[in-house]
Amino acid sequence: MMSLLEKLFEGALWRSRYVVLFAVIASMAAGFAIFYMATVDVVYLIAHIFHYADPSLAVDARKVLHDETITHIVEVVDGYLLATVMLIFSLGMYELFISDIDEAHGSKTSSKILVIESLDDLKARLAKVILMILIVTLFEQALKMEMKTTLDLLYLGGSLALIGLALYLTHAADSSHGGEKHEEEKGGDKHGH
C-alpha cells in the first residue's frame with residue numbers, strides 16, 4: 001500500500017513539471033510581441049528617414065533627424081535583443097523541463113545557442129544576451145548625454161572601461177569552460193578506447 005502511494009505521489013510530482021509550459025508559452029508570446037513592436041518601429045523609421053534627403057530641410061533639422069534616427073536604431077536593436085532573450089528562455093525552459101527539441105538537435109543549421117544542456121547553460125546564454133542589451137542601452141544613453149563637464153566625460157570613460165572588463169571576463173570564462181569541455185571529451189575518448 002505504501003509503495004503504491006509513493007509511486008502515485010512521485011508520478012504526480014514528476015508530472016508537475018508540465019506547469020513550466022505556462023512560462024514557455026508566455027515567454028514565446030512576449031518574444032513575438034517584442035519582435036512585432038521592433039519591426040513596426042523599423043517600418044516607421046524607414047518611412048521617416050526618406051525626409052533626410054529633402055533639400056528644403058535645414059541643417060539643424062537634419063542634425064536632429066540624424067540623432068533621432070541613430071537613437072531609434074539603437075532602440076530597435078535593444079528590442080530585438082530582448083525578444084531573443086525571451087525566445088532563448090522559452091526554448092531553454094522547454095528543453096530543461098519538458099523534452100529535447102529533436103528538430104534543433106537534428107538540424108545542421110540549428111544554432112548552438114538554442115540547444116540547452118543544463119540550467120547553467122541557460123544562465124550563461126541569457127547572461128550574454130542581457131550583457132549585450134546593457135551595452136546597447138548604455139550606447140543609447142551615451143548618445144543622449146550632453147558632455148558639460150570633465151566629470152561627465154570621466155563617467156562615460158569609466159562606464160566604457162567597465163563594459164570592456166565585463167566583455168573580457170565573459171570571454172575568459174567562455175575560454176576556460178571550452179577548455180574544460182575539450183579536456184572532458186579527450187578523457188571520454190581515452191576511456192572509450
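Residues numbered from 1 in each chain as written. Predicted model: local features only at pLDDT ≥ 70, side-chain atom pairs only at ≥ 80, totals over all residues. Heavy atoms only, no water.

Some points on the overall build of the protein chain
Argument step 1. From N to C terminus, the protein chain includes six helices and zero strands.
Argument step 2. Going residue by residue from the N terminus, the α and β elements of the protein chain occur as α-α-α-α-α-α.
Argument step 3. Counting over 193 residues, the protein chain shows a buried share of 22%.
Argument step 4. Taking the contacts inside the protein chain whose residues are at least 6 apart along the sequence as the reference set, 68% of them involve residues at least 24 apart.
Argument step 5. Total accessible area computed for the protein chain in this model is approximately 14000 Å², and 69% of it derives from carbon and sulfur atoms. (Helix = DSSP H or I, 4+ residues; strand = E, 2+ residues; numbered from the N terminus. Buried < 20%, exposed > 50% of the residue type's maximum accessible area, 1.4 Å probe, protein only. Contact = heavy atoms within 4.5 Å. Areas by Shrake-Rupley, 256 points an atom, 1.4 Å probe, with all protein chains shown as cover.)

Thoughts on the packing of helix 3 (residues 59-97) against helix 5 (residues 119-144)
Argument step 1. Their axes nearest at 9 Å, the elements helix 3 and helix 5 cross at an angle of 170°. Relative to helix 5, the element helix 3 is oriented roughly antiparallel.
Argument step 2. By residue class, the composition of the contact of helix 3 with helix 5 is 20 nonpolar, three polar and five charged. (Axes fitted to C-alpha atoms, helices over the stretch in contact; angles between N-to-C directions. Parallel < 35°, antiparallel > 145°, perpendicular 65-115°, else oblique. Nonpolar A, V, L, I, M, F, W, Y, C, P; charged D, E, K, R; others polar.)

Considerations on a nonpolar patch on the surface
Argument step 1. A cluster of nonpolar side chains, contributed by Met145, Met147, Leu151, Leu153, Leu154 and Tyr155, occupies part of the molecular surface with about 600 Å² of accessible area.
Argument step 2. Position of Met147 among the secondary structure elements: in the loop between helix 5 and helix 6 (150-192).
Argument step 3. The partly exposed category is assigned to Met147, whose relative accessible area is 38%. (Patch = residues over 30% accessible without salt bridge, like charges linked within 9 Å, V, L, I, M, F, W, Y side chains within 5 Å. Salt bridge = Lys/Arg side-chain N within 4 Å of Asp/Glu carboxyl O.)

Some thoughts on a negative patch on the surface
Argument step 1. Among the surface-exposed residues, Asp100, Asp102, Glu103 and Glu117 lie close enough to one another that they form a single negatively charged patch.
Argument step 2. Among the structural elements, Asp102 can be located in helix 4 (residues 102-106). (Lys, Arg positive; Asp, Glu negative; His and termini not counted. Charge placed at Lys NZ, Arg CZ, Asp CG, Glu CD.)

Description of the UniProt feature "transmembrane region" (unreviewed entry) in the protein chain
Argument step 1. Under the local residue numbering, the UniProt record ascribes the feature "transmembrane region" (unreviewed entry) to residues 20-47, 80-101 and 153-171.
Argument step 2. Regarding residues 20-47, the helix share stands at 100% and the strand share at 0%, and the terminal C-alpha atoms are separated by 41 Å.
Argument step 3. With 100% helix and 0% strand, residues 153-171 has its two end C-alpha atoms placed 27 Å apart. (UniProt positions renumbered as here; feature names shortened; annotations may be inferred.)

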